[in-house]
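Listed here are the chains, written in short residue letters.
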Amino acid sequence: MVDETPTFIEEYNTSTEICDHIRFYFYSRQDSTFPGRVSGSGEGDSVIKTEVKDSTDLCIVSDQFFIIKDYVEHIIESVNNYVDKYCTALGYNVGSYGIEVCNIQHYKPNGGFKHWHCERVHKNISHRFLTFMTYLTDTPGGGTEFLYQNKKYDCVKGKTLIWPTDFTHTHRGEISKDNEKMIITGWIVFMDHKSA
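All values derive from a computational prediction rather than experimental measurement.

Basis of the calculations
- Residues numbered from 1 in each chain as written.
- Predicted model: local features only at pLDDT ≥ 70, side-chain atom pairs only at ≥ 80, totals over all residues.
- Heavy atoms only, no water.
- Helix = DSSP H or I, 4+ residues; strand = E, 2+ residues; numbered from the N terminus.
- Buried < 20%, exposed > 50% of the residue type's maximum accessible area, 1.4 Å probe, protein only.
- Polar contact = N/O pair within 3.5 Å; in protein donor to acceptor, adjacent residues only side chain to side chain.
- Contact = heavy atoms within 4.5 Å.
- Phe/Tyr/Trp six-rings, centres within 6.5 Å; stacked < 30°, edge-to-face > 60°.
- Lys NZ or Arg CZ within 6 Å of the ring centre and 35° of its normal.
- Core = buried A, V, L, I, M, F, W, Y, C linked by side-chain atoms within 4.5 Å.

Attention now goes to the side chain of H169. Mapping H169 onto the fold places it in the loop between strand 12 (159–164) and strand 13 (171–173). Judged by relative accessible area, which is 4%, H169 ranks as buried. At a separation of 2.7 Å, a polar atom in the side chain of H169 contacts the main-chain carbonyl oxygen of T7. For H169, the residues in contact, after removing those within four places along its chain, are T7, F8, I9, H117, F146, Q149, W163 and P164.

All right, on to the packing of aromatic side chains then. Summed over the entire model, instances satisfying the criterion amount to 8 aromatic pairs. On the numbers, 4.8 Å between centres and 50 degrees between planes, the contact of Y82 with Y86 is tilted. Residue Y82 and its partner Y86 are both found in helix 2 (residues 69–86); the two are separated by 4 residues, about one turn of the helix. Comparing Y82 with Y86 shows no difference in burial state: the two are buried. Between the aromatic rings of F146 and W163, the centroid separation amounts to 5.0 Å while the plane-to-plane angle is 80 degrees, which identifies the pairing as edge-to-face. With F146 in strand 10 (residues 139–146) and W163 in strand 12, the pair connects residues that are 17 residues apart, well separated along the chain. As far as the burial class goes, F146 and W163 line up, both buried. The ring centre of W187 lies 3.5 Å from the NZ or CZ of R128, which sits over that ring.

To continue, consider the nonpolar core. Counting residues in hydrophobic clusters, the biggest one holds 29 residues, and the most contacted among them are Y71, C102 and I104. Looking at this core, the elements with two or more residues in it are helix 1 (16–28), strand 6 (56–61), helix 2, strand 7 (97–107), strand 9 (128–135) and strand 14 (181–190). Here this core takes 7 residues from helix 2, the largest share from any one element. Residues F113, Y135, Y153 and C155 belong to the second largest nonpolar core, which totals 13 residues.

So far we have only geometry, and geometry alone does not tell us how the molecule works.
Right, dumping it as structure tokens:
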């Protein structure tokens, strides 16, 4: 019997060395960064709206995962533990899943993802299953707030959060006025039989 209602937000930890490696990679690839984007009014489009999300991003696609191999292994292990806890233990077979992309996001003081949002908002991203996020900095007052769970998580370097992508886990960033913040985030997606 479960003692309390679960939030379905789980915490895991990765090493500061892995965090520092990702930060170094971000700063070494400034020529490939771009302003953060949010979902637009149509399916699959994205737009720059700094009043919603004010960040500088760097995307790492699957054929570049060797660059952050240790981090990818950390996420896979953490997600497997998450699935074992919430799905496998109850007899659910979620099938094959994998990491879609990893996105490094840097927020200057007063920057952040300021609006409430979730990670699965239209059919073009309906294959998203779980969200993962790791804090790459210690940023007082720069954590993450979940609306319906009424919970806040501090931005502590190395802390990884995993949660479902749907509206049930609507969230936003806390905005630090004095400190920068950096995260790496992405989605676990259902994979079809051909790509499994």
